[in-house]
Amino acid sequence: MEVVITIVVAIACFAVAFFIGKRISDMQHAKDDAEKMDSAEKKARKIVDDAIEEGNAKKREALLEAKEENLKARNDLEREISERRSEVSKNERRVQQKEENLDRKLESCEQKEQALVKRDEELRKKQSDLDKLHQQRIQELERISGLTRDQAKKTLLESLEADVHLDAAKLVKETLAAAKEDANKKAKDILVTAIQKCSADHVAEATISVVQLPNDDMKGRIIGREGRNIRTLETLTGVELIIDDTPEAVVLSAFDPVRREIARVALEKLIVDGRIHPSRIEEMVNQAKKEVDNTIREAGEEAALEAGVHGLHPELIKLLGRMKFRTSYGQNGLKHSIEVAELCGLLAAEVGVDVRMAKRAGLLHDIGKAVDREREGSHVQLGVEIAKKYKEDPIIVNAIASHHGDVEPESLIACLVQAADTISAARPGARRETMEAYTQRLTQLEEITNSFKGVEKSYAIQAGREVRIMVIPEQVDDAGMVLLARDVAKKIEAEMKYPGQIKVNVIRESRVTDYAK
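Read on for a plain summary of the structure. None of these values were measured; they are calculated from a predicted model.

## Structural notes on the overall build of the protein chain
- The secondary structure content of the protein chain amounts to 14 helices and eight strands.
- In the form shown here, the protein chain has an accessible surface area of approximately 35700 Å², with 53% of it arising from carbon and sulfur atoms.

## Remarks on helix 14 (residues 478-495)
- Here helix 14 contains 18 residues, and its C-alpha end-to-end distance of 26 Å stays within 8% of the 26 Å for a straight helix at 1.5 Å per residue.
- Buried residues of helix 14: Gly-480, Met-481, Leu-484, Val-488 and Ile-492, and no others. The buried side chains of helix 14 occupy one side of the element, clustering within an arc of 105 degrees when seen end-on. Facing away from the buried surface of helix 14 by more than 90 degrees, the exposed residues are Ala-479, Val-482, Leu-483, Arg-486 and Ala-494.

## Examining the packing of aromatic side chains
- Counted according to the given criterion, the structure contains zero aromatic pairs.
- Above the plane of the ring of Phe-452 lies Lys-491, whose end atom (NZ or CZ) is 5.3 Å from the centre.

## Topic: a nonpolar patch on the surface
- Together, Val-16, Phe-19, Ile-20 and Ile-24 make up a nonpolar patch on the protein surface, roughly 410 Å² of accessible area in all.
- By the element assignment, Ile-24 lies in helix 1 (residues 2-145).

## Section: a negative patch on the surface
- Where like charges cluster on the molecular surface, the negative patch consists of Glu-99, Glu-100, Asp-103, Glu-107, Glu-110 and Glu-113.
- Within the secondary structure layout, Glu-107 lies in helix 1.

## Concerning the side chain of His-403
- You can see His-403 is positioned in the loop between helix 11 (394-402) and helix 12 (412-426).
- With relative accessibility at 4%, the residue His-403 sits in the buried group.
- In terms of polar contacts, His-403 uses its side chain to reach the backbone carbonyl oxygen of Ile-400, at 2.6 Å.
- For His-403, the side chain forms a polar contact with the side chain of His-404, separated by 3.3 Å.
- Not counting chain neighbours up to four residues away, the residues in contact with His-403 comprise His-365, Asp-366, His-379, Val-380, Val-417, Gln-418 and Asp-421.

## Focus on the nonpolar core
- If you look at the biggest cluster of nonpolar residues, it comprises 43 residues, and the most contacted ones within it are Leu-312 and Leu-363.
- Going through the elements one at a time, helix 6 (278-307), helix 7 (314-322), helix 8 (333-351), helix 9 (355-364), helix 10 (379-389), helix 11 and helix 12 are the ones with two or more residues in this core.
- The greatest single-element share of this core, amounting to eight residues, is contributed by helix 8.
- Apart from residues lying up to four places away in sequence, Leu-363 is in contact with Ala-304, Ala-307, Val-309, Leu-312, Leu-320, Ser-337, Ile-338 and Ala-341.
- Residues Val-258, Ala-263, Leu-267 and Ile-276 belong to the second largest nonpolar core, which totals 27 residues.

## Describing the pairing of strand 3 (residues 249-253)
- Of all five residues that make up strand 3, four are buried, and the element is covered over most of its length.
- Both strand 2 (residues 240-242) and strand 3 contribute to a ladder of three bridges, which runs antiparallel. Directly across from Leu-241, in strand 3, lies its bridge partner Leu-252.
- Between strand 2 and strand 3, which pair antiparallel and follow one another directly, the connecting turn spans six residues, one of which, Glu-248, has a positive phi of 55 degrees.

## A closer look at the pattern of salt bridges
- One pass over the structure, following the stated rule, counts 16 salt bridges.
- Among the salt bridges present, the one from Asp-273 reaches Arg-280, with a minimum N-O distance of 3.1 Å.
- A relative accessible area of 12% places Arg-280 in the buried class.
- Among the ionic pairs, Glu-283 bridges to Arg-280, the shortest N-O distance being 3.0 Å. Of the two residues, Glu-283 and Arg-280 both sit in helix 6, three residues apart, roughly one turn of that helix.
- Each of the salt bridges in this network shares a partner with another, and the network as a whole consists of Asp-273, Arg-275, Arg-280 and Glu-283.

## Some words on helix 7
- Among the residues making up helix 7, those that are buried are Leu-316, Ile-317, Leu-319, Leu-320, Gly-321 and Arg-322.
- As for helix 7, its buried residues are in contact with helix 5 (257-273), helix 6, helix 8, helix 9 and helix 10.

## Considering the packing of helix 6 against helix 7
- The contact between helix 6 and helix 7 brings their axes to 7 Å, and the two run at 100 degrees. In terms of orientation, helix 6 and helix 7 fall into the roughly perpendicular class. Taking contact as the criterion, the partners of Ile-296, Arg-297, Ala-299, Gly-300 and Glu-301 in helix 6 are, on helix 7, Ile-317, Lys-318, Leu-320, Gly-321 and Arg-322.
- Partitioning the contact of helix 6 with helix 7 into residue classes produces four nonpolar, two polar and four charged.

## With respect to the environment of Ile-296
- One can find Ile-296 in helix 6.
- Put simply, Ile-296 and Leu-320 are 24 residues apart on the chain and 7.8 Å apart in space, counted from C-alpha to C-alpha.
- Contact partners of Ile-296, with chain neighbours within four places excluded, come to Val-258, Ile-317, Lys-318, Gly-321, Arg-322 and Phe-325.

## Re a positive patch on the surface
- Taken together, Lys-90, Arg-93, Arg-94 and Lys-98 make up a surface patch of like positive charges.
- Looking at the element boundaries, Arg-93 is found in helix 1.
- The partly exposed category is assigned to Arg-93, whose relative accessible area is 48%.

## Notes on the packing of helix 4 (residues 228-237) against helix 6
- Between helix 4 and helix 6, the shortest axis-to-axis distance is 9 Å and the interhelical angle comes to 30 degrees. When the axes of helix 4 and helix 6 are compared, the pair comes out roughly parallel. Handedness of the crossing formed by helix 4 with helix 6: right-handed. For the pair formed by helix 4 and helix 6, the contact residues are Arg-228, Asn-229, Thr-232, Leu-233, Leu-236 and Thr-237 on the first element and Pro-278, Ile-281, Glu-282, Val-285 and Lys-289 on the second.
- Taken together, the residues that form the contact of helix 4 with helix 6 break down as five nonpolar, three polar and three charged.

Calculation notes
- Residues numbered from 1 in each chain as written.
- Predicted model: local features only at pLDDT ≥ 70, side-chain atom pairs only at ≥ 80, totals over all residues.
- Heavy atoms only, no water.
- Helix = DSSP H or I, 4+ residues; strand = E, 2+ residues; numbered from the N terminus.
- Areas by Shrake-Rupley, 256 points an atom, 1.4 Å probe, with all protein chains shown as cover.
- Expected span 1.5 Å × (residues − 1).
- Buried < 20%, exposed > 50% of the residue type's maximum accessible area, 1.4 Å probe, protein only.
- Arc of directions from axis to C-beta.
- Phe/Tyr/Trp six-rings, centres within 6.5 Å; stacked < 30°, edge-to-face > 60°.
- Lys NZ or Arg CZ within 6 Å of the ring centre and 35° of its normal.
- Patch = residues over 30% accessible without salt bridge, like charges linked within 9 Å, V, L, I, M, F, W, Y side chains within 5 Å.
- Salt bridge = Lys/Arg side-chain N within 4 Å of Asp/Glu carboxyl O.
- Lys, Arg positive; Asp, Glu negative; His and termini not counted.
- Charge placed at Lys NZ, Arg CZ, Asp CG, Glu CD.
- Polar contact = N/O pair within 3.5 Å; in protein donor to acceptor, adjacent residues only side chain to side chain.
- Contact = heavy atoms within 4.5 Å.
- Core = buried A, V, L, I, M, F, W, Y, C linked by side-chain atoms within 4.5 Å.
- Pairing = 2+ DSSP bridges.
- Axes fitted to C-alpha atoms, helices over the stretch in contact; angles between N-to-C directions.
- Parallel < 35°, antiparallel > 145°, perpendicular 65-115°, else oblique.
- Nonpolar A, V, L, I, M, F, W, Y, C, P; charged D, E, K, R; others polar.
- Left-handed = near helix turned anticlockwise from the far one by under 90°.

Spelled out as structure tokens, the structure:
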């Protein structure tokens, strides 16, 4: 029992002690919380005080900055106002000066106006005096002659009328004679001008073509076994192959230049290819025909473009291209047609007719020569048929028909085609001159001119009908130019053979050159 009581007492004591301890602990925690609250309040007050102080400082800084900007803006404004005042002052002085100048000019003008008014009054007075004197003279003349002014004028006109009629008749007669002479001279000038503006070189072409071989062994391959290769090529092209002792060369001979060109192209292809046998020859001939057809078409298009003729039928362009391989007396047919077209255009411009129509007629005037070796009839008849077939203008048809005088020309353009055709065919160097002779003549002409002392350089121009000589100014003076031109002309006459005449132009030019650095 005592043990139980002791345990109960112990438990009670322990409970009391626990309660007391807990109470003391709660009191201690409350005290700590109170201290923490005080510390937090102090920190909060400090933060607020610091924020207020910092805000006041920033406020003071902002006020200072605003005052500084205000002061700077004020200074800038005062400076700008000062500058504007200075500028306004200058403008005022300038305006005042201009007003003073205007016042002086106005005063000067008023003085001049007064002087002009005074002079005008004097002139009117003098005019009045002159009128009085003129009237007095007329009255005196009427008194002396016994005729009035109108009577004297009528008498004078009657006396001059007969003389005027006679002089007018003489003037008309002289004018007609001069007009006829000038017309003849003008026609010659027009032709000469057209010839000088159109310069083209024409050289002779042969009826053979030469194909170069890489070696003489190629001749045997071209001939083939028992001559089968050469027979095949001749049969397919209609061209004769001449293989002789000429080293490394084969001659193609044919009257038709188109067939000769096809054979040349085919043979060159075979030589490059190296495989020469009948089937290969046939293949190459077909390819050569296509290439020559393309060449013919391109040549026709280039000729039409060069002559400035548009809207031609495609078949007419092909026929024009065939003229590239046609020659007449050594003159290339296509070049001749282009030159005639250019001459017709120049002549038409001089006499005032349609230039485009004239060029078209000139370009097509020999179109019959493209087929005259394949059909019967002259090239004039064939040309007329072709022009009608492709619906060319009747003026063009008549120009083709009449360019050799077979029919009467029906238009001025037909006459121009006749003249241009004659000029192109008859001009010096147009026909019967080979390329070698032509080149040699130009070279000899320049060599002769360069042989004289004081000649710097010389050029043969206008297809050899003119030589232009540049002399050294320090060695040849103005008087020496005349003697030099005469000596050159004499030497050309003595040493050269040439058609027509050669114009010698001596040019003396001084130049000074400097450089801006």
